[in-house]
Amino acid sequence: RKEVEQDPGPFNVPEGATVAFNCTYSNSASQSFFWYRQDCRKEPKLLMSVYSSGNEDGRFTAQLNRASQYISLLIRDSKLSDSATYLCVTYTGTASKLTFGTGTRLQVTL
Amino acid sequence: SQTIHQWPATLVQPVGSPLSLECTVEGTSNPNLYWYRQAAGRGLQLLFYSVGIGQISSEVPQNLSASRPQDRQFILSSKKLLLSDSGFYLCAWRIGGGYTFGSGTRLTVV
């Protein structure tokens, strides 16, 4: 079983739609959680951290459920520029490392 | 400002040839540094990480090695490349809660 699991997609949505991505993780020792965005053939870039109380950054909302070991990302009012692969990431301090999911691909269309 | 440099951007190497990829960071001291690989259609896999000069931790057995000869320099090497070494190699460092990646090296072994 993968340590971080995501639906690979692709999710094809029209501009203006709301789309949600889910992620589950298996390591209960995971301490921090992030969503990264990766454009085609580029390096991943931090989109936002995920906090237990949930957090919002503009059109993006992240949620964490530690009991279920579940993370989500909601994108409202999708833009064409949101088209990318979204990586769910956990951090384990004891190993000082990030563990990445394989990513969910989003394609926003006109 | 804090920056991370990685080169070359692309590399095509024959099977059995050596490899040396370099990563340097600026604007900080004693950073945690990481080498990740992303194979086609797969997630990012942590290869090595380093918490200081000469300190290297290896995550998976493989045909690669890493060295940290200076505080802000991290090198990924191989004596003889295999076809399976092809992939997108990313250097990263930890800044605050998140990680920042270099622009990556796309290696094709032929």
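Look above for the structure.
Conventions adopted
Residues numbered from 1 in each chain as written. Chains lettered and ligands numbered in written order. Predicted model: local features only at pLDDT ≥ 70, side-chain atom pairs only at ≥ 80, totals over all residues. Heavy atoms only, no water. Disulfide = S-S within 2.5 Å. Helix = DSSP H or I, 4+ residues; strand = E, 2+ residues; numbered from the N terminus. Buried < 20%, exposed > 50% of the residue type's maximum accessible area, 1.4 Å probe, protein only. Pairing = 2+ DSSP bridges. Phe/Tyr/Trp six-rings, centres within 6.5 Å; stacked < 30°, edge-to-face > 60°. Contact = heavy atoms within 4.5 Å. Buried area = accessible area lost by both parts, 1.4 Å probe. Salt bridge = Lys/Arg side-chain N within 4 Å of Asp/Glu carboxyl O. Polar contact = N/O pair within 3.5 Å; in protein donor to acceptor, adjacent residues only side chain to side chain. Nonpolar A, V, L, I, M, F, W, Y, C, P; charged D, E, K, R; others polar. Axes fitted to C-alpha atoms, helices over the stretch in contact; angles between N-to-C directions.

Provide a residue-level description of the state of the cysteines, including the pertinent values.
Here the structure, examined in full by the defined rule, presents 2 disulfides over all chains. Disulfide pairing is shown between Cys 23 of chain A and Cys 88 of chain A; the S-S distance is 2.0 Å. Its S-S torsion of about -75° marks the bond between Cys 23 of chain A and Cys 88 of chain A as left-handed, since a negative value means left-handed. Placement of the pair is Cys 23 of chain A in strand S3 (residues 19-25) and Cys 88 of chain A in strand S9 (residues 84-92), with a sequence separation of 65 residues. Each member of the pair, Cys 23 of chain A as well as Cys 88 of chain A, carries the same accessibility label: buried. Shown here is the disulfide that connects Cys 23 of chain B with Cys 91 of chain B, its sulfur atoms set 1.9 Å apart. Its torsion about the S-S bond being -70°, the disulfide of Cys 23 of chain B and Cys 91 of chain B is classed as left-handed. Here Cys 23 of chain B is found in strand S3 (residues 19-26), whereas its partner Cys 91 of chain B is found in strand S9 (residues 87-95), with 68 residues between them in sequence. Assigned by exposure class, Cys 23 of chain B and Cys 91 of chain B land together as buried.

Give a description of the pairing of strand S5 (residues 44-52) of chain B that names residues and reports values.
Residues and elements named next belong to chain B. Buried residues dominate S5, accounting for 7 of its 9 residues. In this sheet, S5 lies alongside strand S4 (residues 33-38) in antiparallel orientation, the contact comprising 6 bridges. Note that in S5 the partner of Tyr 36 across the bridge is Leu 46. Counted along the chain from S4 to the antiparallel partner S5, the turn is 5 residues long, and its residue Gly 41 has a positive phi close to 75°. One ladder, built from 3 bridges, connects S5 with strand S6 (residues 55-58); its direction is antiparallel. Looking across to S6, one finds that Tyr 49 is bridged to Ser 57.

Could you give an account of the packing of aromatic side chains, naming the residues involved and the relevant values?
Two aromatic rings, taken as a pair, are described by how far apart their centres are and by the angle between their planes. Counted by the stated rule, this structure contains 14 aromatic pairs over all chains. Ring centres of Phe 34 of chain A and Tyr 36 of chain A lie 6.4 Å apart, and the angle between their planes is 70°; this geometry places the pair in the edge-to-face category. Each member of the pair, Phe 34 of chain A as well as Tyr 36 of chain A, carries the same accessibility label: buried. Ring plane angle 55° and centroid distance 6.3 Å describe the contact between Tyr 91 of chain A and Tyr 99 of chain B, whose orientation is recorded as tilted. Of the two residues, Tyr 91 of chain A is situated in strand S9 and Tyr 99 of chain B in strand S10 (residues 98-101); the pairing between them involves two chains.

Please provide a residue-by-residue account of the interface of chain A and chain B, values included.
Each partner contributes to the interface: chain A provides 17 residues, whereas chain B provides 19 residues. For the pair chain A and chain B, the summed buried surface comes to about 1,400 Å²; carbon and sulfur atoms form 55% of the total. When residues of chain A are sorted by the area they lose upon contact with chain B, Arg 41, Glu 43 and Phe 100 of chain A head the list and together hold 30% of the total. Across the contact surface, chain A and chain B share 0 salt bridges. For the pair chain A and chain B, the number of links is 4 residue pairs in polar contact (both at pLDDT 80 or more). Elements represented by at least two residues in the side of chain A that touches chain B include exactly strand S4 (32-38), S9 and strand S10 (97-100) of chain A. In the side of chain A that touches chain B, the residues fall into 9 nonpolar, 4 polar and 4 charged.

Quick rundown of the sheet that holds strand S6 (residues 55-57) of chain A? Include the residues and the values.
All names here are of chain A. The strand order across the open sheet built from 5 strands is S1-S3-S8-S7-S6, with neighbouring strands paired in antiparallel fashion. Lying at the two open borders of the sheet, with one neighbouring strand each, are strand S1 (4-6) and S6. Direction aside, the axes of adjacent strands within the sheet are offset by 20° on average. Here strand S7 (residues 60-65) runs beside strand S8 (residues 70-75); their pairing, made up of 6 bridges, is antiparallel. Looking across to S8, one finds that Ala 62 is bridged to Leu 73.

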